Amino acid sequence: MKVKFWGVRGSLPTPLTMDTIQNKIFRALQRVKPSDLESNETIDNYIDSLPVSIKGTYGGNSTCIQIIPDNGDVICIDCGTGFKNFGASLMQREFKSGQGFASIFVSHTHWDHIQGIPFFLPMFIPGNKFTFYSPFDDLQQRIEYQQDFSHFPINLEMMQAKKEFVAVPQEGEIFLNGMKVINKRMRHPGASYGYRFEENGKVFCFTADCEFNLDEMDEIDSYREFFQDADVVLFDAQYTFNESINKIDWGHSSASIAIDIAARFNVKKVILYHHDPDYSDDKLDNVLANARSYIAMNVGKKGVELEVDLALEGAEIEI
Ligand SMILES: [Zn+2]
Ligand SMILES: [Zn+2]
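Residue indices follow the written sequence of each chain, beginning from 1 at its first position. As a convention, the first chain written is A and the first ligand written is 1, with the rest following in written order. Local features in this predicted model are restricted to residues of pLDDT 70 or higher, and side-chain atom pairs are both shown and tallied only at a pLDDT of 80 or more, whereas totals for entire chains, interfaces and linings draw on every residue. Neither water nor hydrogens contribute to the side-chain values; these are computed over all heavy atoms in the structure.

Draft legend 1. Up close: unusual backbone geometry. The backbone of Glu-171 sits at a positive phi, close to 60°, despite the residue not being glycine. By the secondary structure assignment, Glu-171 is in the loop between strand S6 (162–167) and strand S7 (173–176). The backbone phi angle of Asp-229 is positive, close to 60°, even though this residue is not glycine. A helix here means a DSSP run of H or I that spans at least four residues, while a strand means a run of E at least two residues long, and both kinds are numbered starting from the N terminus. Along the chain, the position of Asp-229 falls in the loop between helix H6 (224–227) and strand S11 (232–236). Note on Asp-229: relative accessible area 38%, which makes it partly exposed. The cut-offs for exposure are 20% and 50% of the maximum accessible area for each residue type, with area from a 1.4 Å probe on protein chains only; residues under the lower value are buried, those over the upper are exposed, and the others partly exposed.

This is how it looks when you write it as structure tokens:
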């Protein structure tokens, strides 16, 4: 199984500003050596060698995560603005001629998780088929409402692909072509659902928007079945720990809580996502450095081996 990140920003799409781009160029030029500029190849190598926070960005699009199972199915979770580029990638294959089929899991219907749907080109092509899965039995109405004429000029019905909405049992399991998927209700305003994907002995968990605060850690064992022994958990860590104390009930978590939970349930790797729109790439580097120190100073001392990383838009990982 592989996972590709098409959108990892939380709450609001966050394009880079002119000032931010100029600052990145300035820092790249500050550290360049004459030998780095000798040919196009040395320039490419120099750019490749720079950290993400200088040569690019962790990402501005809101949530869309593609699961690439061994069985070849097309699966994604959530339809934030990253869903548009995911759609463009599908137009390079059978979806262009109306012969595509994809399964779409929806965590919840806050804007940042559905806003890409009206711009998803494969859904305009007759013949393509999309099945939406979530525990919300009114998911179709919620998505139609986003494209009510008062919000958007093209309604969902005018997108001519076949669309099916399947209400999965809350916290039940379903099987898709050998892939087992279970969902878990998360603490979040209006509810959201995490998904655990299992295929050929590999496990990927998507936590959705979720708030785990210190009180809830007492009841954390109710999440054991969801997280236990996962290879990779993509965790909503929108805030730093200090901010999470000031933003109790806002519906999001922090890296330190993600690490505590992962260590408790024998997770191998945590990837932090749903980056706050106010966080620059440099601040995200700090979040990652602090998370790695937290592992070294806390769970690492107890012999727990746990990797942590940041979700990076455009990246694809093997699980
Ligand atoms: Zn969100
Ligand atoms: Zn939300």
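Picking up where we left off.
Draft legend 2. Quick look at the coordination of the zinc ion (ligand 2). Keep in mind that water is not among the atoms, so a site may look incomplete; donors are the N, O and S atoms within 2.8 Å of the metal, or 3.2 Å for Na, K and Ca. The zinc ion (ligand 2) binds to the protein through His-108 (NE2), His-110 (ND1), His-188 (NE2) and Asp-209 (OD); the donor distances cover 2.1 to 2.5 Å. Considering all four donor atoms around the zinc ion (ligand 2), the spread of angles at the metal, 90 to 169°, places the coordination shape in the irregular class. Taken as an interatomic distance, the gap from the zinc ion (ligand 2) to the zinc ion (ligand 1) is 3.6 Å; Asp-209 donates to each of them. One end of the pair, His-110, is in the loop between strand S4 (101–105) and strand S5 (129–134); the other, His-188, is in the loop between strand S8 (179–186) and strand S9 (192–199), and 78 residues separate them in sequence. In this structure His-188 comes out as buried when scored by relative accessible area, which is 10%. A four-donor site is classed as tetrahedral when every donor-metal-donor angle falls between 85 and 135 degrees; four donors are called square planar, and six octahedral, when trans pairs exceed 155 degrees and all remaining angles lie between 65 and 115, with any other arrangement labelled irregular.

Draft legend 3. Looking closely at the nonpolar core. Counting 53 residues, the largest nonpolar core has Phe-83, Phe-105, Met-123, Phe-132, Phe-197 and Phe-204 as its most contacted members. Element by element, the count of residues in this core is highest for strand S3 (residues 74–77), at four residues. In this view, Phe-132 contacts Cys-79, Ile-104, Val-106, Ile-117, Met-123, Leu-139, Ile-143, Glu-164, Phe-165 and Val-166; residues no more than four positions away in its chain are not counted. In this description, a nonpolar core means a group of buried Ala, Val, Leu, Ile, Met, Phe, Trp, Tyr and Cys residues linked to one another through side-chain atoms lying within 4.5 Å. Ranked by size, the runner-up nonpolar core spans 36 residues in total, among them Ala-237, Ala-258, Ile-259 and Leu-272. In this description, contact between two residues means that some pair of their heavy atoms is separated by no more than 4.5 Å.

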